[in-house]
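Geometric and topological summary
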Amino acid sequence: MEMDKNLVREVIAKRVAQEFHDGYVVNLGIGLPTLVANYVGDMDVIFQSENGCIGVGPAPEKGKEDPYLVNAGGGFITAAKGAMFFDSAYSFGIIRGGHVDATVLGALEVDEKGNLANWMIPGKKVPGMGGAMDLVIGAKHVIVAMEHTSNGAVKILKECKLPLTAVGVVNLIITEKAVFEVTDKGLVLKEITPYSSLEDIRATTAADFIVADDLKK
């Protein structure tokens, strides 16, 4: 089933939000992951942005953006009640100190061993790896939130081909088609969205994976 781009992003963001619990401190990467803050509902989740804010709220309404409130990617944010602002050293002290319960990142590639490539395509100019290298090591749970393919190219591989951000760090992969858990035995397909099928996932996933006995829709 062909999905609208906005629906793809919404499906992924809504599913990621289900991974959180009250009291979680969560860091959202730039791009698609920032949408997750819009779908936590009444859950008591504290969002952190590595450029120096803890207590990030949902995206502001159009026309009500505050130029002084932005996330690490330069996108406009709101500040929830009780939010705090600080410098980068303090922010990365939170991350490196193991105080982030989960981080949600996009990916260029991820493989069946939980290796992550999300910062560089050879030959293209990039600003650098940024906070991702700290987040994937410092956070207790690493969730990759991404589209299943990119212009038809497979993104879930047996082995990443692009330069790695980190080795063996990914715990969960959530796409508009499926949810995979990274385990010692390899990838386990836990869920299929209504917009896909097992046959479709096999055709668009280059990694080997095990189908969970209690596979959910």
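See above for the structure.
Let me begin by describing the structure that accompanies this report.

Definitions and limits used
- Residue numbers here run from 1 along each chain, matching the order of that chain's written sequence.
- Totals for whole chains, interfaces and linings use every residue, but because this is a predicted model, local features are given only for residues with pLDDT of at least 70 and side-chain atom pairs only at 80 or more, for both listing and counting.
- Hydrogens and waters are ignored; side-chain quantities use all the structure's heavy atoms.
- Secondary structure follows DSSP: runs of H or I at least 4 residues long count as helices, runs of E at least 2 residues long count as strands, and numbering of each begins at the N terminus.
- A helix is expected to reach a length of 1.5 Å times the quantity of its residues less one.
- Between buried and exposed lies partly exposed: a residue is buried under 20% and exposed over 50% of the maximum accessible area for its type, with that area taken using a 1.4 Å probe on protein chains only.
- Any two residues whose heavy atoms approach within 4.5 Å at even a single point are treated as in contact.
- Contacts described as polar in this section are N or O atom pairs within 3.5 Å, which, within protein, must combine one atom able to donate a hydrogen with one able to accept it, while residues neighboring in sequence count only if both atoms come from side chains.
- Take the buried residues of types Ala, Val, Leu, Ile, Met, Phe, Trp, Tyr and Cys, join any two whose side-chain atoms come within 4.5 Å, and each joined set is a nonpolar core.
- A pair of strands counts as paired when DSSP detects no fewer than two bridges linking them.
- We count a salt bridge whenever a side-chain nitrogen from Lys or Arg sits within 4 Å of a carboxyl oxygen from Asp or Glu.
- Axis angles are defined between N-to-C directions and span 0 to 180 degrees, where every axis is a line fitted to C-alpha atoms and, for a helix, only to the segment in contact.

**Some thoughts on helix α1 (residues 5-17)**
In this model α1 runs 19 Å from its N-terminal to its C-terminal C-alpha over 13 residues, within 8% of the 18 Å that 1.5 Å per residue would give. Every buried residue belonging to α1 is among Val 8, Val 11, Ile 12, Ala 13, Arg 15, Val 16 and Ala 17, and all of these are buried. The inward-facing, buried residues of α1 contact β5 (102-105), β8 (142-145), β12 (172-174), β13 (178-183) and β14 (186-192). The N-cap residue of α1 is Asp 4: its side-chain oxygen and the backbone nitrogen of Asn 6 are 2.9 Å apart.

**What about the nonpolar core?**
Counting 27 residues, the largest nonpolar core has Val 16, Phe 20, Val 26, Phe 47 and Val 104 as its most contacted members. Every element with two or more residues in this core is listed here: α1, β1 (25-28), β3 (53-57), β5, β8 and β12. At six residues, α1 tops the list of elements feeding residues into this core. Sequence-distant contacts of Val 26, that is, excluding residues within four places in its chain, are made with Phe 20, Val 45, Ile 46, Phe 47, Gln 48, Val 100, Ala 102 and Val 104. Ala 132, Ala 166, Ile 201 and Phe 209 belong to the second largest nonpolar core, which has 23 residues in total.

**Regarding the side chain of Ser 49**
Mapped onto the elements of the fold, Ser 49 is located in strand β2 (residues 46-49). In this structure Ser 49 touches Asn 27, Val 56, Asn 71, Ala 72 and Ser 91, once residues within four positions along its chain are discounted.

**Some words on the side chain of Glu 191**
Secondary-structure assignment places Glu 191 in strand β14. Beyond its immediate sequence surroundings of up to four residues, Glu 191 is in contact with Arg 15, Lys 177, Ala 178, Val 179, Leu 215 and Lys 216.

**A short note on the pairing of β1**
Side chains of β1 alternate between two faces, with Val 25 and Asn 27 and Val 26 and Leu 28 buried alike. In terms of strand pairing, β1 meets β2 through three bridges, oriented parallel. Its bridge partner lying in β2, Val 25 is registered against Ile 46. Two elements, β1 and β5, share three bridges in a ladder whose sense is parallel. Opposite Val 26, over in β5, you have Ala 102 as the bridge partner.

**Focus on the pattern of salt bridges**
Applying the stated criterion to the full structure yields twelve salt bridges. Lys 158 serves as the salt-bridge partner of Glu 112, at 3.4 Å between the closest nitrogen and oxygen. Here Lys 158 lies in the loop between β11 (156-157) and β12 and Glu 112 lies in the loop between β6 (109-111) and β7 (116-117), a separation of 46 residues in the sequence. Looking at Lys 158, the relative accessible area reads 41%, which means it is partly exposed.

**Quick notes on the sheet that holds β13**
In spatial order, the strands read β4-β3-β2-β1-β5-β8-β12-β13-β14-β15; together these ten strands make up an open sheet with mixed pairing. Of all strands in the sheet, those with a lone pairing partner are β4 (78-85) and β15 (209-216), marking the two edges. For this sheet, the mean inter-axis angle between neighbouring strands, taken without regard to orientation, is 25°. Relative to β8, β5 runs parallel, the two being bridged by three bridges. Bridge pairing links Thr 103 to Val 142 in β8.

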